Amino acid sequence: RLLAPSLRLKEHFILEVEEWNPWEVDEKNSLQQNSANNVQLLKEKKLQQEQTNLRVQIWGKAAIGLYLWQHIFEGLLEPADVSAQWREGSLKAGKSFFSFITGPSVVPGYFSVECANVVLVLNGREEGKVSYATQWLHYAQTLIQTRKLQHVAVVLLGSEQCKNEWIYPYLKSYGGFVELLFLIYDSPLVNEEDIFQWPLGVATYRNFPVVEPSWSMLHNPRLYHCNFLGTVYKNSSRETLMEVLRQSGLDKICWISAREEWWPQETNESLQNYQDALLQSDLTLCPLGVNTECYRIYEACSFGSVPVVEDVMTPGNCGNSSVYHSAPLQLLKTMGAPFIFIKNWKELPAVLEKEQNMTLEQKIQRRKKLMEWYRYFKAQMRQKFISTLENSFLSKDKGG
């Protein structure tokens with residue numbers, strides 16, 4: 001495609017010469033010869049580029065793969081039906097080509113391994129998921145041993161308490177074969193050399209969509225100052241949050257819908273309700289769950305609703321690493337997330353009082369800042385992911 005315009009120019013130039021001076025046969029032949037040579041050179045250059053390009057196949061065996069592909073890479077999937085047994089897509093990014101496969105029909109040994117470089121997206125959040133993830137790692141290991149694969153990276157939904165010791169033996173730095181690990185949650189393992197922190201993203205497993213920003217989303221006044229739709233666990237800070245909202249009458253200016261039991265799946269109606277709450281609220285309250293990082297943070301960003309984040313470490317092994325010292329949410333903080341961070345929900349009345357004194361124009365400017373930041377964040381994560389793969393896989397191919 002890139003060659004066509006220059007070739008057309010050459011042909012057009014030859015015709016002009018022919019019409020202008022038909023007797024100068026040597027000149028015409030010379031031009032045609034030059035044109036043929038140029039085409040050959042361009043073909044050879046294109047071939048060289050194709051040879052140095054990185055081709056990567058992503059095996060999406062966890063819902064977080066959809067956040068990587070559809071939200072960060074902005075890739076499409078065919079068929080569009082989220083319940084399809086097999087979905088696939090491909091795109092060119094920089095000097096690399098990526099293809100993505102996902103769905104229940106993607107089973108070890110029952111699909112074609114299309115290139116020598118693979119990114120495996122796995123769920124290691126709990127024991128049952130870990131045993132399924134290890135089956136995939138053993139399959140990849142067999143393909144490495146039989147030289148069907150050269151390089152493997154893993155994107156892992158880690159444990160919410162950062163208890164990910166089971167993955168260590170598979171990492172190259174521990175004697176295994178996985179060269180790069182992109183790990184969700186604030187793991188002390190993150191070193192920015194072969195282990196990188198990766199964002200949790202939106203709840204794609206609940207079919208949270210890719211949201212396109214619109215003029216009205218940015219400019220329209222919103223009906224509510226804040227929202228919280230979610231589960232209130234016994235003896236959690238969420239109980240404190242509900243208490244603060246009730247005592248100060250703030251539940252009248254916020255969209256609050258609390259339930260006592262967690263629902264793994266949303267109905268169409270509850271998902272629509274939740275999205276409406278995000279769209280109609282200036283702020284989204286993000287209390288702790290098992291981990292500080294939750295889907296709600298990214299979902300609020302999608303709709304331009306500023307996350308109010310409970311900036312408190314949760315129990316377990318998560319925390320600072322050798323390269324990050326601002327846990328929790330060190331990836332988001334390092335990337336300059338324009339959120340409101342609070343240590344205790346008793347600070348909320350002061351936050352909402354300030355909110356009531358803001359003009360619509362001030363809110364629009366803040367919304368714009370958040371939506372631009374979120375777009376920048378996803379673009380940066382995409383660039384980092386691609387360049388990390390290129391630097392690692394291509395340099396090793398050249399003996400680096």
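We now turn to the structure provided with this report. On a predicted model such as this, the values are computed, not experimentally measured, just so you know.

What counts, and at which threshold
- Residues numbered from 1 in each chain as written.
- Predicted model: local features only at pLDDT ≥ 70, side-chain atom pairs only at ≥ 80, totals over all residues.
- Heavy atoms only, no water.
- Core = buried A, V, L, I, M, F, W, Y, C linked by side-chain atoms within 4.5 Å.
- Buried < 20%, exposed > 50% of the residue type's maximum accessible area, 1.4 Å probe, protein only.
- Helix = DSSP H or I, 4+ residues; strand = E, 2+ residues; numbered from the N terminus.
- Contact = heavy atoms within 4.5 Å.
- Pairing = 2+ DSSP bridges.
- Axes fitted to C-alpha atoms, helices over the stretch in contact; angles between N-to-C directions.

### Section: the nonpolar core
Consideration 1: Membership of the largest hydrophobic core comes to 117 residues, with the highest contact counts inside it found for Trp-59, Phe-98, Leu-137, Phe-377, Phe-385 and Leu-389.
Consideration 2: Among the elements that take part in this core, helix H11 (residues 360–397) stands out by supplying 12 residues, more than any other.
Consideration 3: If we skip the residues at most four places from it in the chain, Phe-377 touches Tyr-67, Pro-199, Tyr-298, Leu-331, Leu-332 and Met-335.

### What about unusual backbone geometry?
Consideration 1: The residue after Glu-78, namely Pro-79, is reached through a cis peptide bond having omega -10 degrees.
Consideration 2: Along the chain, Pro-79 falls in the loop between helix H3 (64–72) and strand E2 (87–93).
Consideration 3: Backbone torsion omega between Ala-327 and Pro-328 reads 5 degrees, so that peptide bond is classified as cis.
Consideration 4: Here Pro-328 is to be found in the loop between strand E11 (306–310) and helix H9 (330–334).
Consideration 5: Of note in the backbone geometry, Glu-192 takes a positive phi value of approximately 65 degrees without being a glycine.
Consideration 6: Turning to its location among the elements, Glu-192 is positioned in the loop between strand E6 (178–184) and strand E7 (195–198).

### A word on the environment of Val-351
Consideration 1: Positionally, Val-351 belongs in helix H10 (residues 348–356).
Consideration 2: Sequence-wise, Val-351 and Val-308 are 43 residues apart; in three dimensions their C-alpha atoms are separated by 9.2 Å.
Consideration 3: Residues contacting Val-351, with those up to four places away along its chain left out, are Leu-283, Ile-340 and Ile-342.

### Some details on the side chain of Thr-388
Consideration 1: Looking at the element boundaries, Thr-388 is found in helix H11.
Consideration 2: The class for Thr-388 is buried, based on a relative accessible area of 11%.
Consideration 3: If sequence neighbours within four positions are ignored, Thr-388 has contacts with Leu-180, Phe-182 and Phe-196.

### Focus on the sheet that holds strand E1 (residues 54–60)
Consideration 1: Strand order in the open sheet formed by seven strands is E2-E3-E1-E4-E5-E6-E7, with mixed pairing between adjacent strands. The sheet is open, and its two borders are formed by E2 and E7, each paired with just one other strand. Each adjacent strand pair in this sheet contributes to an overall mean axis angle of 20 degrees, direction not counted.
Consideration 2: Both strand E4 (residues 117–123) and strand E5 (residues 151–157) contribute to a ladder of seven bridges, which runs parallel. Bridging from a neighbouring strand, Asn-117 pairs with His-151 of E5.
Consideration 3: Lying on the sheet, H3 is in contact with E1, E2, strand E3 (96–102), E4, E5, E6 and E7; it crosses E3 at an angle near 135 degrees.
Consideration 4: Packed onto the sheet, helix H4 (residues 127–145) meets E1, E4, E5 and E6 and runs at close to 170 degrees relative to E4.

### Focus on the pairing of E6
Consideration 1: Among the seven residues that make up E6, seven are buried, leaving the element largely enclosed by the rest of the structure.
Consideration 2: Bridge analysis of E5 against E6 gives five bridges, and the strand direction is parallel. Residue Ala-153 lies in a different strand from E6, and its bridge partner there is Leu-180.
Consideration 3: The pairing of E6 with E7 spans four bridges and is parallel. Residue pairing in the sheet places Leu-183 in a bridge with Gln-197 of E7.

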